[in-house]
Each structure stands twice: as structure tokens, then as C-alpha cells.
Amino acid sequence: MRVLIVEDEPYMAEAIRDGLRLEAIAADIAGDGDTALELLNINTYDIAVLDRDVPGPSGDEVAKRIVASGSGMPVLMLTAADRLDDKASGFELGADDYLTKPFELLELVLRLRALDRRRAHNRPPVREIAGLRLDPFRREVYRDDRYIALTRKQFAVLEVLVGAEGGVVSAEELLERAWDENADPFTNAVRITVSALRKRLGEPWIIATVPGVGYRIDTAPATGHGGGDRG
């Protein structure tokens, strides 16, 4: 298990990290909201432990971003406030559990393990098609057992295409499902992202373009560039 600790008190953060490591739980520390968001963008975590009162974007804002990302990552809130309305507001933001300071390290460990077990029961299935292996839980992609590093947007697009199981997905649907409601319907972001994704996955090209319709995973890609590399 790998955990992100968002805590602006260095002594407490380091004590939590060192204690978790003794329990075979890997932990990274972010002392403010900006660092937390940066680490979340770079690394894959199983659980986020968020102090609500940190500099920069608050723990509440970080929690909102995690929920909005659709990653399904559990969030455990830390706070010095023990009022019921504070806890209620935290749960409304999407927190999965709540721990009031001060707390015993063992209680944190038990709660983290419970959240990890709960998440394991709800893990989406690993999908495989045409030599691709996509793990939505770990956000990993392999092609013929070779790891492919993708950006978040590229992964989101590929996840939609793989989920279609060879069926055609329109550019409009990709825009709706991989971006958000504020995306410009006239943007060329889909074409650019698909083109970059196609190159990341390598030859033979596995994402085929169906002119005037959309894109699909080619379940029997031909060798060479072929016609599938056109926008």
C-alpha cells in the first residue's frame, strides 16, 4: 500500500510516515496543497490522508480534486475539530473516513487497512484486447507485456476505447467522457490526444480511425503505418 500524507506540521508528518513504514505501508509527505496536487499528478497512491488545514489549496480542495478525477482513491480526513458538523462537511466532500487529532498510530493503520480492503473489493476489472492490458485500478497500460507510460488524458481516452471492445467511439463521446462538460465541442483536442496516444502505443498502430465516425481499437492491427494513423 502506498499512501500520500498531506500535513503541514513536519514533526507529525514525519512521525506518521515513519510509523507507517514500520507497518510496511509506503508513505510520501506533502506539506501543502500545491505539493499534494503535484504528487498526485505524478504518482499513483492507494489512499490519501488529508489534514484539512494546510497552506495553499486546503485539504478540502485536494479532496474535491481527488473525487473529481474519478480515480476512486479513498480519502481519510485528519482534523483537530471533533464537532459533528465538521465531520459531516468532510463526508459531503467525499471523504471515506475521518480521524480526529490526537490519535494513536495503530488506529490510523487499522483504518488505512480497512479502506484498502474495501477498495480491493470494488476494483474495476483489468481489461485485455489485441495485446493491450489496461489496469484501471493501478492506472497502468501494457502492450505485449511492455509498460506504456501515458498522461492522464491519454489513459482516459484509451480506457473509453478499450471499454468499447472494438466498437467505434465518436470524437464527441470521447470529449464528453475523457474531458468534462466545459470542453469546447469544436476543439481538436481529441484528434491530437488520439494521435499522441497512437504513437505512445507504437506500431503496428492499434487505434484505427473510422472516417466521419470516430475511433476504435483494431483487434487485428496490420503491420506498418497503414491507414489507421490518419487523425
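Note that the coordinates shown come from a computational prediction; the quantities given were computed from them, not determined experimentally. (Residues numbered from 1 in each chain as written. Predicted model: local features only at pLDDT ≥ 70, side-chain atom pairs only at ≥ 80, totals over all residues. Heavy atoms only, no water.)

Student: I keep staring at the sheet that holds strand E8 (residues 140-143) and nothing clicks. Help me out?
Tutor: The strands that make up a sheet are held in pairs by hydrogen bonds between backbone atoms, and each pair lies either parallel or antiparallel. The strand order E6-E7-E8-E9 describes an open sheet built from 4 strands, whose pairing is antiparallel. The open sheet has two edge strands, strand E6 (127-129) and strand E9 (146-148), and neither has a second partner. When strand polarity is set aside, the average angle formed by the axes of neighbouring strands in this sheet is 25 degrees. Note: E6 against strand E7 (residues 132-135), 3 bridges, orientation antiparallel. Residue pairing for E7: Glu 128 is matched across the bridge by Arg 133. Each of E6, E7 and E8 is contacted by helix H6 (residues 152-163), which is oriented at about 115 degrees to E7, the strand it contacts most. Here helix H8 (residues 189-201) sits on the sheet and contacts E7, E8 and E9; the angle it forms with E9, its principal contact strand, is near 160 degrees. (Pairing = 2+ DSSP bridges. Helix = DSSP H or I, 4+ residues; strand = E, 2+ residues; numbered from the N terminus. Axes fitted to C-alpha atoms, helices over the stretch in contact; angles between N-to-C directions. Contact = heavy atoms within 4.5 Å.)

Student: Which parts of the structure should I look at to understand the UniProt feature "modified residue: 4-aspartylphosphate" (unreviewed entry) in the protein?
Tutor: As annotated in UniProt, the feature "modified residue: 4-aspartylphosphate" (unreviewed entry) corresponds to Asp 51 in the numbering used here. As for its placement among the helices and strands, Asp 51 is situated in strand E3 (residues 47-51). When near neighbours in sequence (up to four residues on either side) are disregarded, Asp 51 contacts Val 6, Glu 7, Asp 8, Gly 59, Leu 78 and Lys 101. (UniProt positions renumbered as here; feature names shortened; annotations may be inferred.)

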